[in-house]
Amino acid sequence: MDEDIHYYSGEQIEVSYDANRCIHARECVRGLPDVFDPDKRPWIDPDNADVGDLSEVIVDCPTGALKFKRTDSGPEESVPDENHIIVSPDGPLYLRGDIEIVTPDDTTLLEDTRVALCRCGASENKPLCDNSHVDVDFEAAGSKTAPEIDSRGEDADGVLTVKPIPDGPVQVQGRFKLQQAGETETVRESSTALCRCGGSANKPFCDGTHSEIGFSSED
């Protein structure tokens, strides 16, 4: 995973922006257009809004491309009480919660509260989404039939570990709620394998198609 981070300092807050994680969801532009203006340089002016309002809008960024650090002793971003995986139609998996992305040998790559995972197979910044699903015209309605899961109760808290398997799916370990974007009904899970090759007939779950189509997780 490559980073391209830029910093924008205000009187009470510092905003960081990772261009490699931005997929132009535009939650920031819609939320505070006086702060986030793509037509200006610099395109972020942290002093053009109340610092509390700015913090809230940054937390709405679904990919984690935007972060903030309060310099006025104000509250930092908190870890959500529950882990959620939202299946975006024709787009990525949006993860929100206590997220840890690890290698197959359990080396930590990223700890975050907001992440967008590629599921079209085309991202050049795997396992993160880089908006390649738009370029390849990826189509996927969202959730279908869930596999048999060893449920661990009603809660969806604790660390959610995300382990991308080389040339295979992403294994998710921990408690979380899975839902399709725009739907209120959720499916409680505890661990499963999610497709990231774009070919599964049972999206968002893996069905082994990555082996048949020769999926490579190398950039």
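Nothing here was measured: the structure is a model prediction, and the numbers come from that model. Once a new chain begins, its residue numbering starts again from 1 and follows that chain's sequence as written. This being a predicted model, a pLDDT of at least 70 is required before a residue's local features are given, and a value of 80 or more before pairs of side-chain atoms are given or counted; all residues contribute to the totals for chains, interfaces and linings. To obtain the side-chain values, all non-hydrogen atoms of the structure were included, while hydrogens and water were left out.

Any chance you could explain the nonpolar core here in plain terms?
Side chains of nonpolar character tend, in soluble globular proteins, to be buried together. Throughout this description, the term nonpolar core refers to a set of buried Ala, Val, Leu, Ile, Met, Phe, Trp, Tyr and Cys residues connected via side-chain atoms within 4.5 Å. Residue burial is assigned from relative accessible area. The probe radius is 1.4 Å, only protein chains are included, and a residue is buried under 20% of its type maximum, exposed over 50%, and partly exposed in between. By size, the foremost hydrophobic cluster in this structure holds 20 residues, and its most contacted members are Phe36, Ile44, Leu54 and Leu66. Mapped onto this core, the elements with two or more residues apiece are β2 (13-18), α1 (27-31), α2 (51-59) and β3 (66-70). Counting residues per element, this core draws most heavily on α2, at four residues. The contact criterion used throughout is that any non-hydrogen atoms of two residues lie within 4.5 Å. If we ignore the near neighbours within four places in the chain, the residues touching Phe36 are Cys28, Val29, Trp43, Ile44, Leu54, Val57, Ile58 and Leu66. Helix numbering and strand numbering both begin at the N terminus, where a helix is a DSSP run of H or I of at least 4 residues and a strand a DSSP run of E of at least 2.

Could you clarify how one ought to interpret the layout of surface pockets in this entry?
The gaps left among the atoms become clear once a water-sized probe is rolled over them. Here a cavity denotes a set of grid points, spaced 1 Å apart and computed over the protein atoms alone, in which a 1.4 Å probe fits but from which it cannot get out, and a pocket denotes an open set meeting protein on both sides within 12 Å along at least five of seven lines; residues with an atom within 4 Å of a point are reported as lining. Grid points are joined across faces, edges and corners, and a volume is the space filled by probe spheres set on the points. Considered as a void within the structure, the largest pocket measures approximately 280 Å³ in volume. Taken together, 17 residues make up the lining of the largest pocket; nearest its centre are Tyr17, Cys22, His24, Cys28 and Trp43. No other element matches α1, which puts three residues into the lining of the largest pocket. Three classes are used, and their members are as follows: Ala, Val, Leu, Ile, Met, Phe, Trp, Tyr, Cys and Pro are nonpolar, Asp, Glu, Lys and Arg are charged, and the others, Gly among them, are polar. Of the residues that constitute the lining of the largest pocket, the class distribution is twelve nonpolar, two polar and three charged. Along the walls of the second largest pocket sit twelve residues, with Lys126, Pro127, Pro164, Arg196 and Ser217 positioned nearest its centre.

Please clarify how the environment of Glu139 should be interpreted in this entry.
Within the element layout of this structure, Glu139 appears in the loop between α3 (132-135) and β7 (160-164). Sequence separation between Glu139 and Glu56 is 83 residues; the distance between their C-alpha atoms is 31 Å. Residues in contact with Glu139, not counting those within four places in the same chain, are Asp90 and Lys203.

Would you mind going over the pattern of salt bridges with me for this structure?
One side chain can pair with another of opposite charge once the charged atoms of both are near each other. Between Lys or Arg on one side and Asp or Glu on the other, a salt bridge is scored when a side-chain nitrogen of the former is within 4 Å of a carboxyl oxygen of the latter. Applying the stated criterion to the full structure yields eight salt bridges. Of the charged contacts in the structure, one is a salt bridge between Arg30 and Glu27, with a shortest N-O distance of 3.3 Å. In this pair, Arg30 and Glu27 are both assigned in helix α1, three residues apart and thus about one turn of the helix distant. With a closest N to O distance of 3.2 Å, Arg175 and Asp157 form a salt bridge. Here the residue Arg175 occupies a position in strand β8 (residues 170-180), and Asp157 occupies one in the loop between α3 and β7, the gap between them amounting to 18 residues. Given the relative accessible area of 25%, Arg175 is considered partly exposed.

In short, geometric facts, not functional conclusions.
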